[in-house]
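Summary of the model geometry
Listed here are the chains, written in short residue letters.
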Amino acid sequence: MTTRPISQVFAATSNGEDLSVSDHFEVINPSTGRPFGLAPSVTVDQLDGVFEAAHAAYLVWRTDDNTRREAMRKAADVLDARAADLAPVLTAEQGKPLSDAEAEFHAAAVWLRYYADLELPPEIIRDDAEAFEQVVRRPLGVVSAITPWNFPIMLAMWKIAPALRAGNTIVVKPSPFTPLATLAIGDVLRGVFPNGVFNVVTGPDPLGAAMVSHRIPRKVSFTGSTATGRRVAVSAAEDLKRVTLELGGNDPAIILSDANIEEIAPKLFWGAFANNGQICLAVKRVYAHASIKPRLVDALAAIAKDVAVGDGMDSGVQLGPVNNAPQFARVKELVFDAIGNGARAVAGGAPLDRDGYFFSPTILDRVDDGTRIVDEEQFGPVLPIVSFQDERDAIDRANNSEYGLTASVWSNDVDHAASVASHIDAGQVAINGHGRGVLPHLPFGGHKASGVGVENGPWGLYGFTDIQVIAAPPRN
Ligand code: NAD
């Protein structure tokens, strides 16, 4: 099969040409469950050429900070200008509503500009009559970036922008479920970055494994499941590549007895169901004080029943399908397991009777810890509501998970909520909102099995550098 789909492979070789790829794989539209495009399967042999080109480009790219900043600002302008053209590709392969898809390209531009503007001055530790000491950050070399299917563009940009700003070059591999939008940004950014600086390769999972074990890259920045993250860590350890791992989560929201249910219900609902629940940091289990739980369950069920679910290309749609067949099967399995064990679906509870991977937004009552839907990461449009009597008990149950990505606490008393938040083991805890801290300038990363290292802010950029001390005699 030699047909070139929507975009060509953008993997600049040393002479700036695309790879010639003879094999392709099908990309499924989750709204129909049928193939709609083809993506190139880059071979492991071809990866050698891509990494060599990226390394040759690195030797020049690392030398001029201003060139890097200017290229990044130009790239941001291109993404803003092309967001509306590119969004349908993302919607077709991912399923999200068109407006959300377009917003993702604009968010990528925001991250590019943030890092283009971020200063990275050397830290002068001592400058006196005895000594001159400074700490500088140096780029690592070529970065392998591996991304999942839920936010293919934004999560890629959390790696691309800081890696390039620090002076590295990068090879990005999107999920085989969503390869085309990432290829498309490679396409529209042709010529914005010098050849070999920003490369996109697509292929099935073994291509990701090859990007980790390859001898050239010095860093692997991975976002995906905890199971795959463990394999990445083991493989990267072989030659001591640096790793940043952004992994799974089972984020709790704790609703205290004084929370204003009418006010918080919509925010809590969208904290769980945005992107159809396919967000690492979505609310995945709710611990509601027993005194307010019935009202909360009713309020969430009313919203769930009112949500417009459909093909993301259709206007007015708020939630699209689950992204892929295995994930759809997993969501069904967890919901049916819960219902089989006594849970009650007060909204949803079943797939929609239509083509594609549509599942009705589901609120589960009469569930408890020890049920799979509470203990595991569902990554789909389902929310279990569990009750508690005692705040200490709620905190212990929230922490009783291998994960520790984010969490939230909801109350009319913000100080009290903050004191509850201080006991939660998670990389971010939000008060009266969920995911409030997901911003370019704040560090994002998981505790425990939710990850290693952080992205965003200066801390995210430091992850693409090695630290160096210059210790010199006094300057005068
Ligand atoms: P996944 O682990 O199956 O795949 C992620 C990426 O890894 C894909 O590009 C895949 O091709 C690649 N891959 C597969 N096997 C590999 C290997 N052995 N070596 C290297 N790469 C390999 O995850 P997914 O199903 O695409 O994404 C869903 C998961 O991602 C969820 O668990 C979710 O919580 C997590 N996630 C985490 C964050 C975060 O920032 N913490 C953000 C989004 C998603």
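Look up a bit, the structure's there.
Scope of this entry: the structure provided in the associated data block. On a predicted model such as this, the values are computed, not experimentally measured, just so you know.

**Structural notes on the sheet that holds strand β8 (residues 219–223)**
Sheets are built from strands paired through backbone hydrogen bonds, the pairs being either parallel or antiparallel. An order of β7-β6-β5-β8-β9-β19 is seen for the six strands of this open sheet, with the pairing classed as mixed. Edge positions in the sheet fall to β7 (198–200) and β19 (451–452), since each has one partner strand and no second. One ladder, built from five bridges, connects β8 with strand β9 (residues 242–246); its direction is parallel. By the bridge assignment for β9, Val-220 is matched with Val-243.

**Some words on the environment of Gly-229**
Position of Gly-229 among the secondary structure elements: in helix α7 (residues 226–237). Exposure remark for Gly-229: the relative accessible area of 1% places this residue in the buried category. For the pair Gly-229 and Pro-440, spaced 211 residues apart in sequence, the C-alpha separation works out to 23 Å. Here Gly-229 is in contact with Phe-222, Leu-245 and Leu-247, once residues within four sequence places are set aside.

**So, the side chain of Asn-432**
By the element assignment, Asn-432 lies in the loop between β17 (428–431) and β18 (447–448). Within polar-contact distance, the side chain of Asn-432 engages the backbone nitrogen of Ser-411 at 2.8 Å. In contact with Asn-432, other than residues within four places in its own chain, are Lys-267, Val-409, Trp-410, Ser-411 and Val-414.

**Digging into the packing of helix α8 (residues 261–273) against helix α9 (residues 293–306)**
Interaxial distance between α8 and α9 falls to 9 Å at its minimum, and their mutual angle equals 50 degrees. As summarised for this structure, α8 and α9 are arranged oblique, according to the angle between their axes. Seen along the crossing, α8 lies across α9 with a hand that is right-handed. When α8 is examined against α9, the residues Ile-261, Glu-262, Ile-264, Ala-265, Pro-266, Leu-268 and Phe-269 are found in contact with a partner set consisting of Arg-295, Leu-296, Ala-299, Leu-300, Ile-303 and Ala-304. Of the residues in the contact of α8 with α9, the class split is 11 nonpolar, no polar and two charged.

Rules used in this analysis
- Residues numbered from 1 in each chain as written.
- Predicted model: local features only at pLDDT ≥ 70, side-chain atom pairs only at ≥ 80, totals over all residues.
- Heavy atoms only, no water.
- Pairing = 2+ DSSP bridges.
- Helix = DSSP H or I, 4+ residues; strand = E, 2+ residues; numbered from the N terminus.
- Buried < 20%, exposed > 50% of the residue type's maximum accessible area, 1.4 Å probe, protein only.
- Contact = heavy atoms within 4.5 Å.
- Polar contact = N/O pair within 3.5 Å; in protein donor to acceptor, adjacent residues only side chain to side chain.
- Axes fitted to C-alpha atoms, helices over the stretch in contact; angles between N-to-C directions.
- Parallel < 35°, antiparallel > 145°, perpendicular 65-115°, else oblique.
- Left-handed = near helix turned anticlockwise from the far one by under 90°.
- Nonpolar A, V, L, I, M, F, W, Y, C, P; charged D, E, K, R; others polar.

Limitation: the analysis is restricted to geometry and does not speak to function.
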